[in-house]
Amino acid sequence: MASFLQRIFPPRISLVHATRGRPQQARECRQNWLSAAHRPSRVEHIFAVDSDDPASIAQLSDLRPHLVTPSGGGCVAAWNLAAEQATGKILVQLSDDWLPLPGWDDILVDRIRKVNQPLVLRISDGHRKDDLFCMAILTKARMKQQGWFLPPAYTGIYSDDEFSFRAFEDGVIVDARDVAFTHCHPNYDDSVPMDETYQRQNANAKYAEAKAIFLERNPGAKKRWFVKDHWERRWIPSAKKPTRA
């Protein structure tokens with residue numbers, strides 16, 4: 001019956017959820033987002049779990065996570081694998097530390113509107129004031145246009161720089177910074193521990209290497225995309241590539 005209904009009412013939105021080392025938190029995150037959705041039956045949730053993370057595999061096995069081989073691809077490979085399996089017209093990058101708004105699914109559909117066009121929705125986390133997108137929310141058409149959900153040249157950091165920079169350059173942004181999801185991250189909340197997963201993703205030694213990859217892949221960024229420090233990015237807008245509200 002479920003597959004029959006899914007054929008008639010396919011998912012509008014796919015939550016592509018990379019997780020590592022936090023199976024209980026990941027499960028709770030999934031439940032929070034599905035519970036807060038106005039139409040949860042039209043939301044598809046897909047886990048991507050590293051194959052060398054046995055605790056997550058065991059504790060999330062009933063939710064059928066898509067496994068990622070330990071190829072060094074990091075969380076970017078996990079998100080990309082989940083996105084490749086996604087069937088919704090809108091794809092949302094989810095990690096364990098995000099909280100949704102009530103009716104978030106209708107909000108995203110209403111703000112994007114033209115879900116068959118290549119578009120990126122720019123929301124807020126209530127903290128960042130720069131031009132780095134805090135969460136990748138895009139149409140399936142945009143993923144097909146750029147060839148990936150997040151650029152697979154990265155394992156984690158600076159994948160969001162390239163995602164954001166190219167969205168600006170291509171003029172595909174729908175500005176929805178008045179829509180704010182809560183990011184429960186230790187950078188913003190002292191009560192959140194800097195666990196092993198955060199440390200892996202934010203190791204200082206990786207920043208220089210990842211930035212070099214970014215500049216090599218995006219030579220125009222030297223004039224248009226400025227990194228003040230690890231937490232602040234600025235884009236110099238082009239008059240011929242406007243975003244829309």
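Quick look at the structure, then. The structure presented is a predicted model; accordingly, all values stated were derived computationally and were not measured. As a convention, each chain's residues are numbered from 1 in the sequence order in which they are written. At least 70 in pLDDT is required for a residue's local features to be given in this predicted model, at least 80 for side-chain atom pairs to be given and counted, and no such filter applies to totals for whole chains, interfaces and linings, which use all residues. Here the side-chain values reflect all heavy atoms present in the structure, with hydrogen atoms and water set aside.

### Digging into the overall build of the protein chain
Secondary structure elements follow DSSP: runs of H or I no shorter than four residues count as helices, runs of E no shorter than two count as strands, and numbering proceeds from the N terminus. Within the protein chain, the secondary structure is distributed over ten helices and eleven strands. Residue burial is assigned from relative accessible area. The probe radius is 1.4 Å, only protein chains are included, and a residue is buried under 20% of its type maximum, exposed over 50%, and partly exposed in between. For the protein chain, the proportion of its 245 residues judged to be buried stands at 50%. Note on contacts: a residue pair qualifies if any of its non-hydrogen atoms lie within 4.5 Å across the two residues. For the protein chain, contacts bridging at least 24 residues in sequence account for 74% of all contacts bridging at least 6. A total of about 12000 Å² of accessible surface is found on the protein chain, and carbon and sulfur atoms cover 53% of it. For the area figures, the Shrake-Rupley method with a 1.4 Å probe applies, and any residue is considered shielded solely by the protein chains shown.

### Comments concerning the packing of aromatic side chains
The pairing test for Phe, Tyr and Trp rings, Trp by its six-membered ring, is centres within 6.5 Å, and the orientation test on the planes gives stacked under 30 degrees, edge-to-face over 60, and tilted for anything in between. In this structure the tally under the stated criterion is ten aromatic pairs. Ring geometry for Tyr158 versus Tyr207: centroids 6.5 Å apart, planes at 75°, classification edge-to-face. With Tyr158 in the loop between α6 (140–146) and α7 (159–170) and Tyr207 in helix α9 (residues 205–217), this residue pair connects regions lying 49 residues apart in the sequence. Just as Tyr158 is buried, Tyr207 falls in that class too. Among the aromatic side chains, those forming a connected cluster through ring pairs are Phe133, Tyr158, Phe163, Phe165, Phe168, Tyr207, Phe214, Trp225 and Trp235.

### Some remarks on the nonpolar core
Counting 37 residues, the largest nonpolar core has Leu138, Phe149, Phe163 and Trp225 as its most contacted members. Contributing elements (two or more residues each) for this core: β1 (13–19), β2 (43–50), α4 (74–85), α7 and α9. When residues in this core are grouped by element, the largest group, six residues, is from α4. For Phe149, the contacting residues outside a window of four places in its chain are Val16, Trp79, Asn80, Ala83, Leu91, Val92, Gln93, Ala136, Leu138, Met143 and Phe163. Leu34, Trp98, Leu121 and Phe181 belong to the second largest nonpolar core, which has 27 residues in total. Residue types Ala, Val, Leu, Ile, Met, Phe, Trp, Tyr and Cys, when buried and joined through side-chain atoms within 4.5 Å, form a set referred to as a nonpolar core.

### Thoughts on the environment of Lys114
With respect to the secondary-structure elements, Lys114 resides in the loop between α5 (104–112) and β6 (120–124). With relative accessibility at 47%, the residue Lys114 sits in the partly exposed group. For the pair Lys114 and Thr139, spaced 25 residues apart in sequence, the C-alpha separation works out to 9.0 Å. Excluding its chain neighbours within four sequence positions, the residues that come into contact with Lys114 are Leu119 and Thr139.

### Topic: the pairing of β1
For β1, the tally of buried residues reaches seven of seven residues, placing the bulk of the element in the interior. The two faces of β1 match: Ile13, Leu15, His17 and Thr19 on one face and Ser14, Val16 and Ala18 on the other face are all buried. We call two strands paired when DSSP finds no fewer than two bridges between them. One ladder, built from five bridges, connects β1 with strand β4 (residues 90–94); its direction is parallel. When the sheet's bridge partners are listed, His17 is paired in β4 with Leu94.

### Overview of α7
Taking 1.5 Å per residue as the helical rise, α7 with its twelve residues ought to reach 16 Å, and the 16 Å between its terminal C-alpha atoms agrees with that figure. Turning to α7, its buried residues are Ser159, Asp161, Glu162, Phe163, Ser164, Phe165, Ala167 and Phe168. Just past α7, the residue Gly171 takes up positive phi, approximately 65°. Expected span, for any helix, means 1.5 Å times one less than how many residues it has.

### What about the pattern of salt bridges?
What makes a salt bridge here is a side-chain nitrogen of Lys or Arg within 4 Å of a carboxyl oxygen of Asp or Glu, nothing more. Counting across every chain of the model gives 16 salt bridges. Among the salt bridges present, the one from Asp50 reaches Arg20, with a minimum N-O distance of 2.7 Å. You can see Asp50 sitting in strand β2 and its partner Arg20 sitting in the loop between β1 and α2 (23–36), a full 30 residues away along the chain. In this structure Arg20 comes out as buried when scored by relative accessible area, which is 16%. The shortest N-O distance in the salt bridge between Asp161 and Arg233 comes to 2.7 Å. Linking Asp161 in helix α7 with Arg233 in strand β11 (residues 232–235), this pair joins segments that are 72 residues apart in sequence. Here Asp161 matches Arg233 in class, with each residue buried. Several salt bridges converge on common partners, so that one network encompasses Arg12, Asp105 and Asp106.

### Structural notes on the side chain of His183
Position of His183 relative to the elements: it lies in strand β9 (residues 182–183). Given a relative accessible area of 13%, His183 falls into the buried group. Pairing of N or O atoms within 3.5 Å defines a polar contact, subject to two protein rules: one partner must be a possible hydrogen donor and the other a possible acceptor, and residues neighboring in sequence count only if both atoms are side-chain atoms. Among the polar contacts made by the side chain of His183, one reaches the side chain of Asp97 at a distance of 3.1 Å.

From the geometry alone we can't say anything about function, so treat these as descriptive.
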